[in-house]
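Take a look at the letters that make up each chain.
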Amino acid sequence: MAQAPTPPAAAPAAPAAAPAAGDAAAGERVFAQCRACHQVGETARNLVGPNLNGLFGRQAGSVAGFNYSPAFKTPAVAEKVWSPENFAVYIRNPREVTPGTRMVFAGIRSENQIADLIAYLRQFGADGKRTQ
C-alpha cells in the first residue's frame, strides 16, 4: 500500500456493517500485502505510506512526519477518525473511497481477510506495543 488508508470522503454506496471478529494471526499474513509500504510495531516508521500503529481511534491523515497526498488533507477526510467500520469500507477500494489518493493498492475484497487484518492492526497501540 502506498498511502495511508483513510475513511471515505463521501458516504459509501451501501451501509457499512461492523466487520466480523477476525483472526489476528491470519491478519498478520494479510498484512504481508501492506508491508511494502506500511509498518506496525515498536520500530515502525513511515515508508511510502505512514506507519499504522494505533490506527483505530486516530484522526485520518495525522501521522507526524508523513507527507499525505492532497486528498488526505481535505476537510471531509481530515476530520474523520479511523474505526474498524470505515477502515473496512476503505480497504476494499481505497481509490474509489478517496479519489486523488496516491495509494496504489487495489484493495482487499474478502470479508474474512478484512476482518483478519483489522484484528491484527487492533493489536498495536500508538506506541507500537502490542496491546492484546
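This structure is a prediction, so every number in the text was calculated from the model and none was measured. Note that residues are indexed from 1 along each chain, following the sequence as it is written. In keeping with the model being predicted, local features are shown solely for residues with a pLDDT of at least 70 and side-chain atom pairs are shown and tallied solely at 80 or more, while totals for entire chains, interfaces and linings include all residues. Processing note: side-chain calculations cover all non-hydrogen atoms of the structure and skip hydrogens and water entirely.

1. Structural notes on helix H3 (residues 84-92)
- Using a 1.4 Å probe on the protein chains alone, a residue whose accessible area is under 20% of its type maximum counts as buried, one over 50% counts as exposed, and one in between counts as partly exposed. Secondary structure elements follow DSSP: runs of H or I of four or more residues count as helices, runs of E of two or more count as strands, with numbering from the N terminus. Most of H3 is tucked away, with 7 of its 9 residues classed as buried.
- Turning to H3, its buried residues are Pro84, Asn86, Phe87, Ala88, Val89, Tyr90 and Ile91.
- Any two residues whose heavy atoms approach within 4.5 Å are treated as being in contact. Turning to H3, the residues buried within the fold contact helix H4 (94-97) and helix H5 (111-122).

2. What about the packing of H3 against H5?
- What counts as an axis is a line fitted to C-alpha atoms, over the stretch in contact for a helix, and the angles between N-to-C directions run from 0 to 180 degrees. Between H3 and H5, the shortest axis-to-axis distance is 10 Å and the interhelical angle comes to 130 degrees. Taken together, the axes of H3 and H5 are oblique relative to one another. The crossing of H3 and H5 is right-handed. Taken together, the residues of H5 that come into contact with H3 (itself represented by Pro84, Phe87, Ala88, Ile91 and Arg92) are Glu111, Ile114, Leu117, Ile118, Leu121 and Arg122.
- Split by residue class, the contact of H3 with H5 holds 8 nonpolar, no polar and 3 charged. The cut-offs work like this: below 35 degrees is roughly parallel, past 145 is roughly antiparallel, 65 to 115 is roughly perpendicular, and the gaps in between are oblique. The handedness criterion is simple: a crossing whose near helix is rotated anticlockwise from the far helix by less than a right angle is left-handed, and one whose near helix is rotated clockwise is right-handed. The nonpolar class holds Ala, Val, Leu, Ile, Met, Phe, Trp, Tyr, Cys and Pro. Asp, Glu, Lys and Arg form the charged class, and all remaining residues, Gly among them, are polar.

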